[in-house]
Amino acid sequence: MTAPRRVLLVGDDHLALEGVARLLDEAEGWSIALENEDDPDAVVVDLDAGEAADRLRSLADRHAVLAIASDALSSREALAFGA
């Protein structure tokens with residue numbers, strides 16, 4: 001059996017991130033990474049949080065990133081930054 005993939009959740013919308021966390025918790029092979037872990041396998045970023053959008057580029061350089069965007073402009077920016 002392989003170790004579960006660790007996913008770091010970034011953003012200020014606790015309701016959205018809690019929903020993602022609950023889905024991952026119920027899915028086999030995934031676990032939630034803690035903020036202070038050195039190297040998560042992937043990062044989910046809620047782009048409605050300004051600070052999270054600022055961190056997106058540096059995160060995408062080191063990790064697989066899934067961005068949660070509420071509009072087309074945010075989606076395009078996320079893709080431009082490497083999500």
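Draft legend 1. Summary view of the overall build of the chain. Counting secondary structure elements, the chain contains three helices and four strands. For the chain, the N- to C-terminal ordering of α and β elements is β-α-β-β-α-β-α. On C-alpha atoms alone, the chain measures out to a radius of gyration of 12 Å, which is about the 12 Å that the 2.2 N^0.38 rule sets for 83 residues. Projected onto its principal axes, the C-alpha positions of the chain cover 40 × 25 × 20 Å.

Draft legend 2. Highlighting helix 1 (residues 14-26). Taking 1.5 Å of rise per residue, 13 residues should cover 18 Å, and helix 1 covers 18 Å from first to last C-alpha, within 8% of that figure. For helix 1, the complete set of buried residues consists of Leu-17, Ala-21 and Leu-24. All buried residues of helix 1 fall inside an arc of 65° around its axis, so they share one side. Away from its buried face by more than 90 degrees, helix 1 exposes Leu-15, Arg-22, Leu-23 and Glu-26.

Draft legend 3. Focus on the pairing of strand 1 (residues 5-10). Relative to strand 2 (residues 30-32), strand 1 is paired through three bridges, and the arrangement is parallel. By the bridge assignment for strand 2, Arg-5 is matched with Trp-30. Looking at chain direction, strand 1 and strand 3 (residues 42-46) are connected through four bridges and run parallel. Across the sheet, the residue bridging to Val-10 is Val-45, located in strand 3.

Draft legend 4. View of the side chain of Ser-74. With respect to the helices and strands, the residue Ser-74 is situated in helix 3 (residues 72-80). Residue classification places Ser-74 among the buried residues on the basis of a relative accessible area of 14%.

Draft legend 5. Local environment of the environment of Arg-76. Along the polypeptide, Arg-76 turns up in helix 3. By relative accessible area, which is 53% here, Arg-76 ends up exposed. C-alpha separation for the pair Arg-76 and Asp-61, spaced 15 residues apart in sequence, amounts to 17 Å.

Draft legend 6. Region of interest: a negative patch on the surface. On the surface, a cluster of negative charge is made up of Asp-12, Asp-13, Asp-48, Asp-71 and Glu-77. As for its placement among the helices and strands, Asp-12 is situated in the loop between strand 1 and helix 1.

Draft legend 7. Molecular detail of the nonpolar core. The biggest cluster of nonpolar side chains holds eleven residues, and these are Leu-8, Val-10, Ala-33, Val-43, Val-45, Leu-47, Leu-56, Leu-59, Ala-60, Val-65 and Ala-78. For this core, the secondary structure elements donating two or more residues are strand 1, strand 3 and helix 2 (50-62). Considering every element that reaches this core, the biggest residue donor is helix 2, with three residues. Membership of the second largest hydrophobic core comes to seven residues, among which are Val-7, Leu-17, Leu-24 and Ala-42.

Analysis parameters
- Residues numbered from 1 in each chain as written.
- Predicted model: local features only at pLDDT ≥ 70, side-chain atom pairs only at ≥ 80, totals over all residues.
- Heavy atoms only, no water.
- Helix = DSSP H or I, 4+ residues; strand = E, 2+ residues; numbered from the N terminus.
- Rg over C-alpha atoms; globule rule 2.2 N^0.38 Å.
- Expected span 1.5 Å × (residues − 1).
- Buried < 20%, exposed > 50% of the residue type's maximum accessible area, 1.4 Å probe, protein only.
- Arc of directions from axis to C-beta.
- Pairing = 2+ DSSP bridges.
- Patch = residues over 30% accessible without salt bridge, like charges linked within 9 Å, V, L, I, M, F, W, Y side chains within 5 Å.
- Areas by Shrake-Rupley, 256 points an atom, 1.4 Å probe, with all protein chains shown as cover.
- Salt bridge = Lys/Arg side-chain N within 4 Å of Asp/Glu carboxyl O.
- Lys, Arg positive; Asp, Glu negative; His and termini not counted.
- Charge placed at Lys NZ, Arg CZ, Asp CG, Glu CD.
- Core = buried A, V, L, I, M, F, W, Y, C linked by side-chain atoms within 4.5 Å.

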